[in-house]
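Reading the structure
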Amino acid sequence: MLSRATIRARTTASACLLCQWRSFSVSYQRLADKTPSPQTTKPTTPASTPASVPDAASKDAAPAATASPIEALRESGPLANAPRAYGKALDTFTPTHLSRPIGMHNPPNPGENTGIDTRTLQQKRDDFVNYDKHLKKREMLKSKISRPYFRDWRNMQFHKGKTFLAPPRLFKADLSLYFPNLHGRTLAKDDAAKVADITPLLEGHCSVVTVFSSMWAENQIRTFVSPEANPALQSVLKQSGGRAQLVQVNIEEDAMKAWLVRLFMGSLRKKVDKDDWKRYFLVTKGITDEIQESIGLLNSKVGYTYLVDHNCRIRWAASGDAEGDEKEGLVKGVQRILDEMTKEGVGKNYVRKTAAVPELKAGEAVAAQ
């Protein structure tokens, strides 16, 4: 017969072994099972009052309200089907005429899109500890890192990179959108014009703005504006008496390439007339995704040509090499805007109208005049 002391010793030894087994195992049996939580019975809906089901319109309106302006442009903009440096790669693509105006909805102002951080130390500290802004910056970095490096070169196989065809006529002035303000360094040697904004230069003038970022793109815009390819345009610019001008924008976001361009500024001054030094811009910062989607800068290896009126509105645009009657359309567009300036009495003391353009619907097309 076992004594009480023997039973107590064996119980203590078994308890110690159980504790050791628990400490070395992660799948031991729990000492007490949890009691199941009582299930609450949901009240049944009467047959006479069925639950309301949202219709298709409300389902479509919910994601549209949360979509960002950039996503809205990519999905329903005039260039929604054009190839881009990101997103799904296209196997075939045929450029079409612009059916709606492109540009920014708000008028440009000097000092915008400079790429210069003007925040104070307190503002930088507040942004650093703001988790929501960290998430937005994380998404922006993820979108940039995920972009294929050679996608722009691959998209050059589609009609030499031509993104869209120029509209046959000018867009209506009251429905046209704005060209954004760009900030950069010019070829001028004086300090006042060496670093300037493009908006004061466009105000009160009929401007042919060319945007490029490589030698290939520069050769493409020459098919529109060079004296050899389009002598009629040069004749109209000279006969305008300074009311029409040619503005060149060289975008170099890479720091090393921008440094090389600045190093050879002297050779660029030899190729450009001295009177046009203040009309040649080297832009290194401030080109956001919204600007690229708004004005159609979808391929960094392609040159783009814009016709901007005296109110900084984009009335006509083209991409890539000049094809068909695009050169003649550009010349007629310049003459048309000059006639409008004459009727409105635009002079040296012209004040730009700053009315914002309402956003058009996705399926609404704007007739050109």
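Computed from a predicted model, the values in this text were never measured in an experiment.

What counts as what
Residues numbered from 1 in each chain as written. Predicted model: local features only at pLDDT ≥ 70, side-chain atom pairs only at ≥ 80, totals over all residues. Heavy atoms only, no water. Helix = DSSP H or I, 4+ residues; strand = E, 2+ residues; numbered from the N terminus. Polar contact = N/O pair within 3.5 Å; in protein donor to acceptor, adjacent residues only side chain to side chain. Axes fitted to C-alpha atoms, helices over the stretch in contact; angles between N-to-C directions. Parallel < 35°, antiparallel > 145°, perpendicular 65-115°, else oblique. Left-handed = near helix turned anticlockwise from the far one by under 90°. Contact = heavy atoms within 4.5 Å. Nonpolar A, V, L, I, M, F, W, Y, C, P; charged D, E, K, R; others polar. 1 Å grid on protein atoms, 1.4 Å probe; cavity = no way out; pocket = protein on both sides within 12 Å on 5 of 7 lines; lining within 4 Å. Points joined across faces, edges and corners; volume = space filled by probe spheres on them. Buried < 20%, exposed > 50% of the residue type's maximum accessible area, 1.4 Å probe, protein only. Pairing = 2+ DSSP bridges. Salt bridge = Lys/Arg side-chain N within 4 Å of Asp/Glu carboxyl O. pLDDT = per-residue confidence, 0-100. Patch = residues over 30% accessible without salt bridge, like charges linked within 9 Å, V, L, I, M, F, W, Y side chains within 5 Å. Areas by Shrake-Rupley, 256 points an atom, 1.4 Å probe, with all protein chains shown as cover. Expected span 1.5 Å × (residues − 1). Core = buried A, V, L, I, M, F, W, Y, C linked by side-chain atoms within 4.5 Å.

Overview of the side chain of Arg315
Tracing the chain through its elements places Arg315 in strand S7 (residues 314-319). Separated by 3.1 Å, the side chains of Arg315 and Glu340 make a polar contact.

Considering the packing of helix H10 (residues 231-239) against helix H14 (residues 326-344)
Two elements in contact, H10 and H14, have axes separated by 9 Å at closest approach and are oriented at 15°. With respect to each other, H10 and H14 are oriented roughly parallel. In this structure, the crossing between H10 and H14 has a hand that is left-handed. From H10, Ala232, Leu233 and Val236 reach across to H14, where they touch Leu330, Val331, Val334, Gln335 and Leu338. Looking at the contact of H10 with H14 residue by residue, the classes come out as seven nonpolar, one polar and no charged.

As for empty space enclosed by the protein
Under the defined criterion, the tally for this structure stands at two cavities of 30 Å³ or more. What lines the largest cavity is simply Pro83, Asn155, Phe158, Gly161, Lys162, Thr163, Leu298 and Asn299. Its residues placed into classes, the lining of the largest cavity shows three nonpolar, four polar and one charged. If you add up the space inside the second largest cavity, you get close to 30 Å³.

Some details on the pairing of strand S3 (residues 206-212)
In the case of a regular strand, side chains alternate between the two sheet surfaces. Buried residues dominate S3, accounting for seven of its seven residues. Side chains of S3 alternate between two faces, with Cys206, Val208, Thr210 and Phe212 and Ser207, Val209 and Val211 buried alike. Looking at chain direction, S3 and strand S4 (residues 244-251) are connected through seven bridges and run parallel. In the strand pairing of S4, Thr210 is matched with Gln248. Note: S3 against strand S6 (residues 304-308), five bridges, orientation antiparallel. Its bridge partner lying in S6, Ser207 is registered against Val308.

Thoughts on the pattern of salt bridges
In the structure shown here, the tally under the stated rule is ten salt bridges. We note a salt bridge from Arg119 to Asp127, for which the minimum N-O separation is 2.7 Å. Note that Asp276 is salt-bridged to Arg279, the shortest N-O span being 3.0 Å. Given the relative accessible area of 27%, Asp276 is considered partly exposed. The network of salt bridges with shared partners includes Asp117, Arg119, Asp127 and Lys133.

Notes on the pairing of strand S5 (residues 280-283)
Taking every second residue as pointing to the same face, both faces of S5 are buried, with Tyr280 and Leu282 on one and Phe281 and Val283 on the other. Sheet analysis places S4 next to S5, joined by four bridges and oriented parallel. Residue Gln248 lies in a different strand from S5, and its bridge partner there is Tyr280.

Some points on the confidence of the model for the protein chain
Here the protein chain averages 79 in pLDDT, and 73% of its residues register 70 or above. The model gives residues 23-34 a pLDDT under 50, and that stretch makes four contacts with residues more than four places away or in other chains. When the criterion is pLDDT under 50, residues 40-54 qualifies, and its contacts beyond four places in sequence or with other chains add up to one contact.

Quick look at a nonpolar patch on the surface
Together, Met256, Trp259, Leu260, Leu263 and Phe264 make up a nonpolar patch on the protein surface, roughly 560 Å² of accessible area in all. On the secondary structure map, Leu263 appears in helix H11 (residues 255-263). Residue classification places Leu263 among the exposed residues on the basis of a relative accessible area of 52%.

As for helix H5 (residues 131-145)
Here H5 is 15 residues long and its end C-alpha atoms lie 21 Å apart, about the 21 Å a rise of 1.5 Å per residue gives. Measuring from the side-chain oxygen of the N-cap residue of H5 to the backbone nitrogen of Asp132 gives 3.1 Å; that N-cap residue is Asn130.

Some words on the nonpolar core
Core analysis: the biggest nonpolar cluster contains 35 residues, and Phe179, Ile198, Leu202, Val209, Val249 and Tyr306 have the highest contact counts within it. The set of elements that each furnish at least two residues to this core consists of helix H8 (199-202), S3, S4, S5, helix H13 (289-295), S6 and S7. When sequence neighbours within four positions are dropped, the list of residues in contact with Ile198 reads Phe179, Pro180, Asn181, Leu182, Val247, Val249 and Phe281. By size, the runner-up hydrophobic cluster in this structure holds 32 residues, among which are Leu170, Ile221, Leu233 and Trp277.

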